[in-house]
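Coordinate analysis (summary)
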Amino acid sequence: LATRTKEKEEETGSESSFSSSSRSKALFKKAILKQKQDGGDPWAKHEIHKLKAERVKRHRYDASQDKWRVDESVVKMQEKSFARGAMRECFRLKKISQQPRQGMHALSWKTSNNYVAKKYLGQTSGGKEEAMNDCRLQMTAGLIAEAFSRLNPPKRVV
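All of the points below concern the structure found in this document.

Thresholds, definitions, all that
Residues numbered from 1 in each chain as written. Predicted model: local features only at pLDDT ≥ 70, side-chain atom pairs only at ≥ 80, totals over all residues. Heavy atoms only, no water. Phe/Tyr/Trp six-rings, centres within 6.5 Å; stacked < 30°, edge-to-face > 60°. Buried < 20%, exposed > 50% of the residue type's maximum accessible area, 1.4 Å probe, protein only. Lys NZ or Arg CZ within 6 Å of the ring centre and 35° of its normal. Helix = DSSP H or I, 4+ residues; strand = E, 2+ residues; numbered from the N terminus. Expected span 1.5 Å × (residues − 1). Arc of directions from axis to C-beta. Contact = heavy atoms within 4.5 Å. Patch = residues over 30% accessible without salt bridge, like charges linked within 9 Å, V, L, I, M, F, W, Y side chains within 5 Å. Areas by Shrake-Rupley, 256 points an atom, 1.4 Å probe, with all protein chains shown as cover. Salt bridge = Lys/Arg side-chain N within 4 Å of Asp/Glu carboxyl O. Lys, Arg positive; Asp, Glu negative; His and termini not counted. Polar contact = N/O pair within 3.5 Å; in protein donor to acceptor, adjacent residues only side chain to side chain.

Thoughts on the packing of aromatic side chains
Inspection of every chain in the model, using the stated rule, returns two aromatic pairs. Between Y61 and W68, the ring centres sit 5.0 Å apart and the planes meet at 50°, which makes this aromatic pair tilted. Residue W68 is classed as partly exposed on the basis of its relative accessible area, which comes to 25%. Taking the ring centre of Y120 as reference, the NZ or CZ of R88 above it sits at 5.9 Å. Lying over the aromatic face of W43, R92 brings its terminal NZ or CZ to 5.6 Å of the ring centre.

Here's what the structure looks like:
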């Protein structure tokens, strides 16, 4: 990436590197090609589809309307985290949004979407409220960044 960035700077005479959106598109294309090569699910080797399914409530924040939306989903999540940062740990998760008529056994878990679930480390006094405040903050910041970028500034915020 560093070599490619340098070449791009020389072509355009710009001192900035690729925009985040260009990099995101390239990474997304790479992921799609890898998925096609692997024959489907890049997480198949982890056998998440064999885990116990759980019904959960998903809370989503809409910053443009300042409202929370709640829906039900069915998920399967690994018990052991696969990555850890300074504040959170990450778990592989498969999710199906629609409740099936024939029960959870009829769901196609092998082809369901992959997600990463994040959990705060340690005991926090805020719990669910802290997580929801963090989500609200991130979604609001994203909304403000999009509005700023629509003004065509010299350097867009993504």
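Looking at helix α3 (residues 128-149)
In this model α3 runs 32 Å from its N-terminal to its C-terminal C-alpha over 22 residues, within 8% of the 32 Å that 1.5 Å per residue would give. Regarding α3, the residues found buried are D134, A145 and S149. The arc that holds every buried residue of α3, seen down its axis, measures 35°, which confines them to one face. Turned more than 90 degrees off the buried face of α3, the exposed positions are K128, E129 and I144. Residues of α3 that are buried make contact with β4 (88-96) and β5 (113-120).

Comments concerning a nonpolar patch on the surface
A cluster of nonpolar side chains, contributed by F148, L151 and V157, occupies part of the molecular surface with about 290 Å² of accessible area. Mapped onto the fold, V157 is located in the segment after α3.

Details of unusual backbone geometry
The backbone of E47 sits at a positive phi, close to 50°, despite the residue not being glycine. Positionally, E47 belongs in the loop between α2 (20-38) and β1 (54-62). The class for E47 is partly exposed, based on a relative accessible area of 37%. Positive phi, normally seen in glycine, also occurs at D66, with a value near 55°. Note on placement: D66 falls in the loop between β1 and β2 (67-77).

Section: the side chain of R92
The residue R92 is located in strand β4 in this model. It turns out R92 is buried and unbridged, and the closest side chain with the opposite charge, D41, is 8.4 Å from it. Here H46 takes part through its side chain, which lies 3.4 Å from a polar atom of the side chain of R92. Other than its neighbours up to four places away in sequence, R92 contacts W43, H46, I48, K76, M77, Q78, F82 and Y115.

What to know about the pattern of salt bridges
Counted under the stated rule, the structure contains seven salt bridges. The salt bridge involving D41 is made with K94; its shortest N-O contact spans 2.8 Å. Taken together, the residues D41 in the loop between α2 and β1 and K94 in strand β4 connect sequence positions 53 residues apart. With relative accessibility at 18%, the residue D41 sits in the buried group. For K94, a relative accessible area of 1% gives the class buried. Among the charged side chains, a network of salt bridges with common partners joins R58, R60 and D71.

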